[in-house]
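Commentary on secondary and tertiary structure
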Amino acid sequence: MTEARTDVEQVELANTAFYEALERGDFDQVSDLWMDSEDTAGDDEGEETTGDAISCVHPGWPVLTGRGEVLRSYALIMANTEYIQFFLTDLKVGVAGDTALVTCTENILSGGPPPEGGGELGPLVGQLVVATNVFRRTSDGWKLWSHHASPVLAETDDDEGDETPS
């Protein structure tokens, strides 16, 4: 694989690494991809933004702030999810200085633990989520600063049959 040459390519690689680590259940890698207190990204006026200022919103969850709270949420998700796969669509990346914004649609397929009485995996569930990932450039590369994901309302069969002639 060739090394990413542009900021956009580097951010795309960091974003992909995040979702791949989630799929593998690799908590250490997920943790490494988030900013921490050594990843300062302050402005020229001395205002410092660190890993303590990171935030995350999972679908249906309140805002989580601070590295500890955010990483605990991922540990909880990984501990209670036997299988998860992300198919990312509508991916857009924008870079402004040391900040990058990634928007995408997460097409998620997941399964929980097997039901009592056997089976290898609980029922698979599909979910459609739109996400915004904010990255900051650090001395160790691009790191997540914020993740916000919201569910997308899906159409039901009833909606399709509700066409009234005009």
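Here is a short report on the structure shown in this document.

Rules used throughout
- Residues numbered from 1 in each chain as written.
- Predicted model: local features only at pLDDT ≥ 70, side-chain atom pairs only at ≥ 80, totals over all residues.
- Heavy atoms only, no water.
- 1 Å grid on protein atoms, 1.4 Å probe; cavity = no way out; pocket = protein on both sides within 12 Å on 5 of 7 lines; lining within 4 Å.
- Points joined across faces, edges and corners; volume = space filled by probe spheres on them.
- Helix = DSSP H or I, 4+ residues; strand = E, 2+ residues; numbered from the N terminus.
- Nonpolar A, V, L, I, M, F, W, Y, C, P; charged D, E, K, R; others polar.
- Pairing = 2+ DSSP bridges.
- Salt bridge = Lys/Arg side-chain N within 4 Å of Asp/Glu carboxyl O.
- Buried < 20%, exposed > 50% of the residue type's maximum accessible area, 1.4 Å probe, protein only.
- Patch = residues over 30% accessible without salt bridge, like charges linked within 9 Å, V, L, I, M, F, W, Y side chains within 5 Å.
- Areas by Shrake-Rupley, 256 points an atom, 1.4 Å probe, with all protein chains shown as cover.
- Lys, Arg positive; Asp, Glu negative; His and termini not counted.
- Charge placed at Lys NZ, Arg CZ, Asp CG, Glu CD.
- Contact = heavy atoms within 4.5 Å.
- Expected span 1.5 Å × (residues − 1).
- Arc of directions from axis to C-beta.

**Focus on the layout of surface pockets**
For the largest pocket, the calculated volume is near 500 Å³. Taken together, 25 residues form the lining of the largest pocket, with His58, Ile77, Thr81, Ile84 and Phe86 sitting closest to its centre. Counting only elements with at least two residues in the lining of the largest pocket, the list comes to helix H1 (7-24), helix H3 (67-79), strand S3 (83-96), strand S4 (99-111), strand S5 (124-138) and strand S6 (141-151). Of all the elements, H1 adds the most residues to the lining of the largest pocket, at five residues. In terms of residue class, the lining of the largest pocket is built from 15 nonpolar, six polar and four charged.

**What to know about the pairing of S4**
In the sheet, S3 pairs with S4 via twelve bridges, with the strands oriented antiparallel. Looking at S4, one finds that Phe86 is bridged to Ile108. Of the strand pairs in this sheet, S4 and S5 are connected by 13 bridges, and their pairing is antiparallel. Bridge pairing in S5 links Leu109 to Gly126.

**What to know about the pattern of salt bridges**
Applying the stated criterion to the full structure yields three salt bridges. Between Arg24 and Asp26 there is a salt bridge; the shortest N-O distance is 3.6 Å. In this structure, the salt-bridge partner of Arg137 is Asp98, at a minimum N-O distance of 2.7 Å. Placement of Arg137 in strand S5 and of Asp98 in the loop between S3 and S4 is noted, with a sequence separation of 39 residues between them. Judged by its relative accessible area of 29%, Arg137 falls in the partly exposed class. Classification of Asp98 by relative accessible area gives partly exposed; the value is 39%. One network of salt bridges, with partners in common, ties together Asp7, Asp98 and Arg137.

**Points about the pairing of S5**
Of the strand pairs in this sheet, S5 and S6 are connected by ten bridges, and their pairing is antiparallel. Looking at S6, one finds that Val134 is bridged to Ser146. Connecting S5 to the antiparallel partner S6 that follows it, the hairpin turn spans two residues.

**Here's the deal with a negative patch on the surface**
Taken together, Asp28, Asp32, Glu38 and Asp140 make up a surface patch of like negative charges. Within the secondary structure, Asp140 is located in the loop between S5 and S6.

**Describing the side chain of Ser55**
Turning to its location among the elements, Ser55 is positioned in strand S1 (residues 55-57). Not counting residues within four places of it along the chain, the set of residues in contact with Ser55 comprises Trp34, Leu64, Thr65, Val70, Trp145, Ser146 and His147.

**Notes on a nonpolar patch on the surface**
Taken together, the side chains of Leu128, Val130 and Val152 define a hydrophobic patch exposed on the protein surface, amounting to about 190 Å² of accessible area. Secondary-structure assignment places Val152 in the loop between S6 and helix H4 (157-160).

**Details of the environment of Asp39**
The topology assignment puts Asp39 in the loop between helix H2 (27-33) and S1. By relative accessible area, which is 4% here, Asp39 ends up buried.

**Looking at the environment of Val152**
The exposure class assigned to Val152 is partly exposed, which follows from its relative accessible area of 33%. Each C-alpha atom, one on Val152 and one on Thr105, is 9.1 Å from the other, the two residues being 47 residues apart in sequence. If we ignore the near neighbours within four places in the chain, the residues touching Val152 are Leu128, Val129 and Val130.

**Observations regarding H1**
Spanning 18 residues, H1 covers 26 Å between terminal C-alpha atoms, matching the ideal 26 Å at 1.5 Å per step. Restricting attention to buried positions, one finds in H1 the residues Val11, Ala14, Asn15, Phe18, Tyr19, Ala21 and Leu22. One face of H1 carries all of its buried residues, which in axial projection span an arc of 160°. Contact partners of the buried residues in H1: H2, H3, S3, S4, S5 and S6. Looking one or two residues beyond H1, the residue adopting positive phi is Gly25, at roughly 70°.

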